[in-house]
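Summary of the model geometry
Residue strings, one per chain:
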Amino acid sequence: MKKADLAIIAGILLIALLGWWAFSSGSGGGEVYVVVIKDGQEALREPLEGLDTVWDDGHNRVVIKDGVVRMEWSDCKNQICVHAGSIREAGQQITCLPNRVMVRLEAEDAGLDGMTY
């Protein structure tokens, strides 16, 4: 392997590393909000930091505690939303399609990102 080959490989790795770093910067330091949407209507919007609460509509139970959000219970058949696990960073979401419930984390200063485009 020649020195030029190593330089090309190092350059590609550097570009990949910079791209990963740019898109994994999270919410950019702004406040993160928990947003629960039921049937297309916003049912809850609260700052994630310091919020310990439970949102329940009789079909889904969302637990927000210690900066982490999870779907604790759902009466839907497939339970994909319950098995989705916890979310803690802006841009993440949990969706229960049968019950038309979406829980997502939004950054206060959200701009364009890889998902928005």
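We now turn to the structure provided with this report. Model, not experiment: these values are computed from the prediction.

We now examine the state of the cysteines. Where two cysteines share a covalent bond between their sulfur atoms, that bond is called a disulfide. Enumeration according to the criterion identifies zero disulfides in this entry. As a non-bridged cysteine, Cys81 has Cys96 as the owner of its nearest cysteine sulfur, 3.7 Å distant. Exposure remark for Cys96: the relative accessible area of 1% places this residue in the buried category.

What follows concerns unusual backbone geometry. Positive phi, close to 55°, is recorded for Asp66, a residue that is not glycine. Within the secondary structure layout, Asp66 lies in the loop between β4 (60-65) and β5 (68-74). Residue Asp66 is classed as exposed on the basis of its relative accessible area, which comes to 62%.

Spatially, β3-β4-β5-β6 is the arrangement adopted by the four strands of the open sheet, whose pairing is antiparallel. In this open sheet, the two strands that pair with only one neighbour each are β3 (53-56) and β6 (86-87). With six bridges connecting them, β4 and β5 associate as antiparallel partners. By the bridge assignment, Ile64 is partnered in β5 with Val69.

Let's shift gears to a nonpolar patch on the surface. A grouping of Leu14, Leu17, Leu18, Trp20 and Trp21 is seen on the molecular surface, where their side chains present a nonpolar patch of about 630 Å² in accessible area. Structurally, Leu17 is set in helix α1 (residues 3-23).

Before going further, it helps to spend a moment on the environment of Met71. By the element assignment, Met71 lies in strand β5. Sequence separation between Met71 and Arg61 is 10 residues; the distance between their C-alpha atoms is 6.0 Å. Setting aside anything within four residues of it in sequence, one finds Met71 in contact with Asn60, Arg61, Val62, Cys81, Val82, Ile94, Cys96, Val101 and Val103.

Counting 19 residues, the largest nonpolar core has Val34, Ile64, Val69, Met71 and Val103 as its most contacted members. Of all the secondary-structure elements, those providing two or more residues to this core are β1 (32-38), β4, β5, β7 (93-96) and β8 (101-107). In contact with Val34, not counting residues within four places along its chain, are Leu44, Arg45, Glu46, Leu48, Ile64, Val69, Val103, Arg104 and Leu105.

This part is about the sheet that holds β1. Ordered by their spatial adjacency, four strands build an open sheet running β2-β1-β8-β7, and the pairing between neighbours is antiparallel. Taken across any chain shown, the strands that pair with only one partner, and hence form the sheet edges, are β2 (41-47) and β7. Strand-to-strand twist across the sheet, computed as the mean angle between neighbouring axes with direction ignored, equals 20°. Sheet topology places β1 next to β8; seven bridges connect them, and they run antiparallel. Its bridge partner lying in β8, Val36 is registered against Val103.

Quick notes on the rules
The numbering scheme is per chain: residues are counted from 1 as the chain's sequence reads. At least 70 in pLDDT is required for a residue's local features to be given in this predicted model, at least 80 for side-chain atom pairs to be given and counted, and no such filter applies to totals for whole chains, interfaces and linings, which use all residues. In computing side-chain properties, one takes all heavy atoms of the structure into account and sets aside hydrogens as well as water. By disulfide we mean two sulfur atoms from cysteines, separated by a distance within 2.5 Å. Relative accessible area decides the class of each residue, using a 1.4 Å probe on protein chains only: under 20% of the type maximum gives buried, over 50% gives exposed, and in between gives partly exposed. Helix and strand assignments come from DSSP, with helices taken as H or I runs of at least 4 residues and strands as E runs of at least 2, each series counted from the N terminus. When DSSP finds two or more bridges between a pair of strands, those strands are recorded as paired. Like-charged residues within 9 Å of one another, or nonpolar side chains (Val, Leu, Ile, Met, Phe, Trp, Tyr) within 5 Å, are grouped into patches, provided each residue has over 30% relative accessible area and no salt bridge. Computed with the Shrake-Rupley method and a 1.4 Å probe, the accessible areas treat only the protein chains shown as cover for residues. One speaks of a salt bridge when a side-chain nitrogen belonging to Lys or Arg is within 4 Å of a carboxyl oxygen belonging to Asp or Glu. Contacts were defined at the residue level, with two residues in contact if any of their heavy atoms lie within 4.5 Å. Among buried residues, the Ala, Val, Leu, Ile, Met, Phe, Trp, Tyr and Cys ones that are joined through side-chain atoms within 4.5 Å form a nonpolar core. Between N-to-C directions, angles span 0 to 180 degrees; the directions come from axes that are lines fitted to C-alpha atoms, helices contributing only their stretch in contact.

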